[in-house]
Amino acid sequence: MSLGNQDRPATGSIPSPAGAPPTSEPIKAIKLKHPWRIVFAVVLILLVVWFIIDASQREAYGWQYVGKYIFDKRISAAALVTLQLTVYSMIIGVILGLCLAVMRLSPNPVVKSIAWLYLWIFRGTPVYVQLVFWGLFSLIYPKIFLGVPWTDWGVSFDLAFMQNAFIIAIIGLALNEAAYMAEIVRAGLLSVDSGQEEAATALGMGWGRTMTRIVIPQAMRVIIPPTGNEVISMLKTTSLVAAIPLTTDLYGVARDISAVTYTPVPLLIVASCWYLLFTSILMVGQYFLERRFSRGVNARRPDRGDGAALTGAVPVAGAPGNDLGGKG
């Protein structure tokens, strides 16, 4: 006697005891193949290998001069000057940018307009042009007199220190950087919900404590990534201080040596290696800072805990570890 269709088990399922939900067979997933993706990757690898082999055999690169000057004392001292320019300019730029950001958020229209005018000028003109102007500043203003107009009552300031190329470079780079840092800080402060400040005020916290304990820690998650990019950009922008002129930086010393030895390409490679070393260190530091200030944000999966309340998973009927579906 043949069985009817109603007595046959469903395809892809295993008969289960009465009262229990049907158990499905595991699905065997077949990974899709991407042959063109593999071909493209192989072509890229071959091009990189071809470039490395070709560059190693070309005399124009002058690898013997690269090895000779890579650790030269003049290059090392110039690299230190480049680091000093970067650090000093960024410190001044961050502090001034914070002040400009607060001015931009001020309800006073005059203060807000002055901050906007500053940003408009320094973001709208090239850095090289600004550095040239600051190099000529001591010729335009040898002295500054603050006092009553058309009288001798006042105080005069001698600007002889503006003839120091190192100081001029720091001032020029910092003033330009402050315009960009102001927008970065302002965006970070605006990213914090206003309800955070209202809640802090309701708890009796003052403005200073609210900013340091509530607003700024949350804003740092938005401020840190672009600030890290600005530090790396500042390190490379120091090569423009030749406009002042300042020739003791990394690029300036490498250019002066190449002018004497007639080896411009090897000295450019030497300078590039030092720039790559510094930027790599800064990128690693930026990575750990971002991890530090992004804790608890966009967490994909917790490291511990498999409960539904911890993972946010929805209990599935018939799944082990829950009480759904197994009871009649």
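None of these values were measured; they are calculated from a predicted model.

### A look at the confidence of the model for the chain
With 83% of its residues at a pLDDT of at least 70, the chain reaches an overall mean of 83. Per-residue pLDDT stays below 50 along residues 1–5; that stretch engages in one contact with residues further than four places along the chain or on separate chains. In the model, residues 300–328 has pLDDT below 50 throughout and makes 13 contacts with residues more than four positions away in sequence or in other chains.

### Topic: helix H4 (residues 109–124)
With 16 residues, H4 extends 22 Å between its outermost C-alpha atoms, agreeing within 8% with the 22 Å of an ideal straight helix rising 1.5 Å per residue. Those residues of H4 that sit buried are Ala115, Tyr118, Leu119 and Phe122. Buried residues of H4, viewed axially, fall in a sector of 95°; they line one side. Along H4, the residues that are exposed and aim more than 90 degrees away from the buried face are Pro109, Val110, Trp120 and Gly124. Looking at the buried positions of H4, the neighbouring elements they touch are helix H3 (73–104), helix H5 (127–135) and helix H7 (165–190). At the N-terminal end of H4, a side-chain oxygen is found 2.9 Å from the backbone nitrogen of valine 110, two or three residues along, and the residue is asparagine 108.

### What to know about a nonpolar patch on the surface
Taken together, the side chains of Trp36, Val39, Phe40, Val43, Leu44 and Leu47 define a hydrophobic patch exposed on the protein surface, amounting to about 660 Å² of accessible area. Within the secondary structure, leucine 44 is located in helix H1 (residues 35–57).

### Concerning the layout of surface pockets
Considering only enclosed or pocket space, the largest pocket measures out at about 470 Å³ in volume. Every residue lining the largest pocket is counted, 24 residues in all, and those nearest its centre are Val94, Met181, Met220, Ile223 and Thr227. At the level of elements, H3, H7 and helix H9 (207–237) are the ones that each hand at least two residues to the lining of the largest pocket. The residue makeup of the lining of the largest pocket, split by class, is 20 nonpolar, four polar and no charged.

### Overview of the pairing of strand S3 (residues 143–147)
Residues in a regular strand point their side chains to alternate faces of the sheet. Here five bridges tie S3 to strand S4 (residues 154–158), and the two strands are oriented antiparallel to one another. Bridge pairing in S4 links lysine 143 to aspartate 158. Counting the residues in the hairpin turn of S3 and S4 gives six residues, including tryptophan 150, whose phi is positive at 65°.

What counts as what
Residues numbered from 1 in each chain as written. Predicted model: local features only at pLDDT ≥ 70, side-chain atom pairs only at ≥ 80, totals over all residues. Heavy atoms only, no water. pLDDT = per-residue confidence, 0-100. Contact = heavy atoms within 4.5 Å. Helix = DSSP H or I, 4+ residues; strand = E, 2+ residues; numbered from the N terminus. Expected span 1.5 Å × (residues − 1). Buried < 20%, exposed > 50% of the residue type's maximum accessible area, 1.4 Å probe, protein only. Arc of directions from axis to C-beta. Polar contact = N/O pair within 3.5 Å; in protein donor to acceptor, adjacent residues only side chain to side chain. Patch = residues over 30% accessible without salt bridge, like charges linked within 9 Å, V, L, I, M, F, W, Y side chains within 5 Å. Areas by Shrake-Rupley, 256 points an atom, 1.4 Å probe, with all protein chains shown as cover. Salt bridge = Lys/Arg side-chain N within 4 Å of Asp/Glu carboxyl O. 1 Å grid on protein atoms, 1.4 Å probe; cavity = no way out; pocket = protein on both sides within 12 Å on 5 of 7 lines; lining within 4 Å. Points joined across faces, edges and corners; volume = space filled by probe spheres on them. Nonpolar A, V, L, I, M, F, W, Y, C, P; charged D, E, K, R; others polar. Pairing = 2+ DSSP bridges.

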